[in-house]
Amino acid sequence: MLNAWALWQILRGPASPRAGALPRDVAWLRRLLYADVAGDLLLWEILDDVSGVAEYAASWAVWTATMFLLVRALAGVSARFRIIALGLGLTGVLASALRPFAEVPLLTASLLVAMATLGCKAMIMAGQGRDGRFSAVTVAIGWTALLVPQIYSLLQVGRVTFDGLSLAVHALDGLIVVWAARTAHELAAPGPGIAAPGTGRTPRLLAAVVVVLVLPMAVVGAEGDARLTYTAADEGCRDRLRPATGLGPEERRRSFLCLARGETFAAGTMFPEDLADQRILAYGAQLCALPGDRERHALLERAGGTADAIELAAALEYLCPGIVARQNADADRRQAERDRQEAAWKAEANARCADPWPGVRARRQGTAAYMLFEGGGYAVFDDRDHSAGDPGDIYGGDIYGGDIFDAIEDGFIDAAGSSAAIVTYEENTAMCLTVKVFDSAPPLRLTGWDQVVEVGIASRSGRLVVPTYPEGGDSGAAGPLPDLAVAGPGHYRLRVHARTMPWDENDPDAPLEEHLLVVYPGRSTDKVVYRPPG
């Protein structure tokens, strides 16, 4: 409906007056206004498909000439008013034309162009209100098209919305075409407030203004097309890199591009080869502002690049010095927090376990919570004996040691060489484990235990251990347990006690299983079952 109304407003204008009926300046102004309308509706899009530079230059050329003649043609305004309006308009045009040459940040230059041009258009609208030729509807349409989108954009700073209101507000921006068409229509009928006829020098002066202010844009083109560069990949540049500390901004940018254009450990480039240096530097600035590795990695993937956290941080160190130190500090803080939480978790688990044989003091002993993984089970082994494989691998990796699958078939334990594999009732939870090491065989203790079995085990290096969490993978003792080979290298007897524990409704996380390991020197390799499973 808005488009239909706009087209009706554009096409319903009066017929062109007879030659000589209007002052020369006004006739040219009407032609330019209609050219601007045709450009906004269709011509600029077609021209942009041919050349973005040509479209940019042509649209600014038409605006410059239109602005110059429209300000000059306004009636009912002072000479000072015209000078200020022309000054603002020419400032916007000049800033746009010289922007490719000036060492001014792109945002600053764009803001200068927008503010100067907006100020000029606002003064033209105000001047139209004083000129008797223009209707109040035309002036109102102009103010609406000029101000409503600007005010809405200011209110939406920092937010991205795609609701119906935002679409309607942005659609009002197109009313500037209706305003231009109605302005041209109403210029066709001279009224009491018409400006004085021109002197005949205006076309030549106008041509000079267009050539001086707009022609450079056609020669140089828009900044986005004219200043894009592509640094070639150069592996040798890595050898010439110096630490970021003490380098100037330009040298740091070149160093960043050296790494950004090079290959990564993943055998790809950190950024795509067809991405301009300016885009890579812009992505680098965004990456510097992100808080962590995960966010930076996600943005790098969206840019089409690849690199691990270390490579990316090393490159960004040149754009935002200190990022590696901050990243390491953040990683240290996170690790310290994880260590603190793990220590608290271990301490809480160990506090639930106690020595089940407190009346007998061994030469070495210890009690800890043992974290069980999927399937349960654990090992006792010589952690320095690699003569026949890995004795700590109880999952079939060492044919000369204990095997958990043979232990399962046995129902409790399998021992061979310098390792033993013990089955547990529970899995994916914690159990209580106590070890007691004696110089000779201690008294046999059966009361209170569901299973008690004794096997032989050897220590070639003089060590026998129970793995510590998480050195045993996802399982292990949550607290320190002593070396079980009290007499150094040799043969030992390993007596394993196991029992289940009742569930404590007041402490649902309490262990439901407990083991006691009794170790002492002994040469026998026989397996003795003191108490089979009941």
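In this convention, every chain numbers its residues from 1, walking through the sequence in written order. The model is predicted, so local features are restricted to residues of pLDDT at least 70 and side-chain atom pairs to those at 80 or more, both for listing and for counting; the totals for chains, interfaces and linings are taken over all residues. Note that the side-chain values use all heavy atoms of the structure and ignore hydrogens as well as water.

Regarding helix H11 (residues 249-261)
Right, so step 1: The helix count covers DSSP runs of H or I at least four residues long, the strand count covers runs of E at least two residues long, and both are numbered beginning at the N terminus. Each residue after the first adds 1.5 Å to the expected span of a helix. Relative to the 18 Å expected for 13 residues at 1.5 Å per residue, H11 spans 18 Å between its end C-alpha atoms, a close match to the ideal helical length.
Right, so step 2: Buried means the residue's accessible area, taken with a 1.4 Å probe over protein chains only, is under 20% of the maximum for its type, while exposed means over 50%, and partly exposed covers the values in between. Of the residues making up H11, those classed as buried are Arg 252, Ser 255, Phe 256, Leu 257, Cys 258, Leu 259, Ala 260 and Arg 261.
Right, so step 3: By definition, residues are in contact when any of their heavy atoms lie within 4.5 Å. Tucked into the core, H11 has its buried residues touching helix H12 (277-289) and helix H14 (309-319).

Looking at the sheet that holds strand S9 (residues 513-521)
Right, so step 1: Following DSSP output, two strands are said to pair if at least two bridges run between them. An order of S7-S1-S5-S9-S8-S6-S10 is seen for the 7 strands of this open sheet, with the pairing classed as mixed. A strand with exactly one partner marks an edge of an open sheet, and here the two such strands are strand S7 (476-477) and strand S10 (528-531).
Right, so step 2: As judged from the 9 bridges shared by strand S8 (residues 490-500) and S9, these two strands associate in the antiparallel manner. Within the sheet, the bridge partner assigned to Arg 493 lies in S9 and is Tyr 520.

Let's talk about the side chain of Asp 131
Right, so step 1: Take Asp 131: it is sitting in the loop between helix H5 (106-130) and helix H6 (136-155).
Right, so step 2: Here Asp 131 falls in the buried class, since its relative accessible area comes to 2%.
Right, so step 3: Two N or O atoms count as a polar contact when they lie within 3.5 Å, although within protein this holds only if one can serve as hydrogen donor and the other as acceptor, and sequence-adjacent residues are included solely when both atoms are side-chain atoms. Polar contacts involving the side chain of Asp 131 include one to the main-chain amide nitrogen of Ala 75, which spans 2.9 Å.

Some remarks on the packing of H11 against H12
Right, so step 1: Angles run from 0 to 180 degrees between N-to-C directions of axes, and those axes are lines fitted to C-alpha atoms, restricted for helices to the stretch in contact. It is at 11 Å that the axes of H11 and H12 come closest, and there the two elements cross at 100°. By the angle between their directions, the pair H11 and H12 is classed as roughly perpendicular. Taken together, the residues of H12 that come into contact with H11 (itself represented by Arg 253, Phe 256, Leu 257, Ala 260 and Arg 261) are Asp 277, Ile 280, Leu 281 and Gly 284.
Right, so step 2: Residues are grouped as follows: nonpolar covers Ala, Val, Leu, Ile, Met, Phe, Trp, Tyr, Cys and Pro; charged covers Asp, Glu, Lys and Arg; every other residue, Gly included, is treated as polar. Along the lines of polarity and charge, the residues of the contact of H11 with H12 split into 5 nonpolar, 1 polar and 3 charged. Between 65 and 115 degrees an angle is taken as roughly perpendicular, under 35 as roughly parallel, over 145 as roughly antiparallel, and anywhere else as oblique.

A closer look at the pattern of salt bridges
Right, so step 1: We define a salt bridge as a contact between a side-chain nitrogen of Lys or Arg and a carboxyl oxygen of Asp or Glu at a distance within 4 Å. Using the criterion set out here, one finds 19 salt bridges in the structure.
Right, so step 2: In this structure, Asp 131 engages Arg 133 in a salt bridge whose closest nitrogen and oxygen atoms are separated by 2.6 Å.
Right, so step 3: Among the residues examined, Arg 133 registers a relative accessible area of 7% and is labelled buried.
Right, so step 4: The shortest N-O distance in the salt bridge between Arg 240 and Asp 234 comes to 2.9 Å.

A closer look at the state of the cysteines
Right, so step 1: Cysteine sulfur atoms that pair up within 2.5 Å are treated as a disulfide. Taken as a whole and assessed by the stated rule, the structure comprises 3 disulfides.
Right, so step 2: With its sulfur 2.0 Å from that of its partner, Cys 288 forms a disulfide with Cys 320. Judged by the torsion about the S-S bond (-75°), the Cys 288/Cys 320 disulfide is left-handed. Of this pair, Cys 288 sits in helix H12 while Cys 320 sits in the loop between H14 and helix H15 (323-351), and the two are 32 residues apart along the sequence.
Right, so step 3: Assessed through its relative accessible area of 18%, Cys 288 is described here as buried.
Right, so step 4: There is a disulfide in this structure between Cys 353 and Cys 432, and the S-S distance comes to 2.0 Å. Between Cys 353 and Cys 432, the S-S dihedral sits near -80°, and the bridge is therefore left-handed. Here Cys 353, found in the loop between H15 and strand S1 (364-371), pairs with Cys 432, found in strand S5 (residues 430-437); they are 79 residues apart in sequence, far enough to count as distant.
Right, so step 5: For Cys 432, a relative accessible area of 2% corresponds to the buried category.

Examining the pairing of S5
Right, so step 1: Among the 8 residues in S5, 8 count as buried, and that is most of the element.
Right, so step 2: By the alternation rule, side chains of S5 split into Ala 430, Cys 432, Thr 434 and Lys 436 and Met 431, Leu 433, Val 435 and Val 437, which are all buried.
Right, so step 3: Pairing of S1 with S5, which is carried by 8 bridges, proceeds in the antiparallel orientation. Note that in S5 the partner of Ala 368 across the bridge is Leu 433.
Right, so step 4: Note that S5 and S9 share 6 bridges and pair parallel. Across the sheet, Leu 433 pairs through a bridge with His 515, a residue of S9.

Here we look at the packing of aromatic side chains
Right, so step 1: Aromatic pairs are defined between Phe, Tyr and Trp rings, using the six-membered ring for Trp, whenever the two ring centres lie within 6.5 Å; interplanar angles under 30 degrees are classed as stacked, those over 60 as edge-to-face, and all others as tilted. In this structure the tally under the stated criterion is 5 aromatic pairs.
Right, so step 2: Look at Trp 345 and Tyr 469: their rings are 5.4 Å apart centre to centre, the planes differ by 70°, and that puts the pair in the edge-to-face class. Here Trp 345 is found in helix H15, whereas its partner Tyr 469 is found in the loop between strand S6 (451-459) and S7, with 124 residues between them in sequence.
Right, so step 3: A centroid spacing of 5.3 Å and a plane angle of 50° characterise the contact between Tyr 370 and Tyr 378, whose relative ring orientation is tilted. Comparing Tyr 370 with Tyr 378, the two get one shared label, buried.
Right, so step 4: Among the aromatic residues, those joined into a cluster by ring pairs are Phe 256, Phe 271 and Tyr 283.
Right, so step 5: Comment: the charge-over-ring label is applied if NZ (Lys) or CZ (Arg) is within 6 Å of the ring centre and within 35 degrees of the ring normal. Sitting above the plane of the Trp 28 ring, Arg 31 keeps its charged end 5.3 Å from the centroid.
Right, so step 6: When the ring centre of Trp 63 is taken as origin, the NZ or CZ atom of Lys 121, which lies over that ring, is 5.2 Å away.

Let's talk about the pairing of S8
Right, so step 1: Counting buried residues in S8 gives 8 out of 11 residues, a clear majority hidden from the surface.
Right, so step 2: Judged from the 9 bridges that link them, S6 and S8 form a sheet pairing that is antiparallel. Residue pairing for S8: Ser 459 is matched across the bridge by Gly 490.

Re the sheet that holds strand S2 (residues 378-381)
Right, so step 1: Taken together, 3 strands build an open sheet; the order of strands is S2-S4-S3 and the sheet is antiparallel. Edge positions in the open sheet fall to S2 and strand S3 (413-416), since each of these has one partner strand only. Sheet twist, expressed as the average angle between the axes of neighbouring strands with direction ignored, equals 15°.
Right, so step 2: Note that S3 and strand S4 (residues 419-422) share 4 bridges and pair antiparallel. Bridge assignment links Asp 414 to a residue of S4, and that residue is Ala 421.

Remarks on the nonpolar core
Right, so step 1: If you look at the biggest cluster of nonpolar residues, it comprises 40 residues, and the most contacted ones within it are Leu 29, Trp 63, Ile 124 and Trp 179.
Right, so step 2: Listed by contribution, the elements that provide at least two residues to this core are helix H1 (2-11), helix H2 (24-50), helix H3 (52-73), helix H4 (79-98), H5, H6 and helix H8 (175-187).
Right, so step 3: Once residues lying within four places of it in the same chain are set aside, the contact partners of Ile 124 are Trp 63, Met 67, Leu 70, Val 71, Leu 74 and Trp 179.
Right, so step 4: Counting 29 residues, the second largest nonpolar core, distinct from the first, contains Tyr 370, Met 431, Val 435 and Ala 498. Take the buried Ala, Val, Leu, Ile, Met, Phe, Trp, Tyr and Cys residues and link them wherever side-chain atoms come within 4.5 Å; each set so joined is a nonpolar core.

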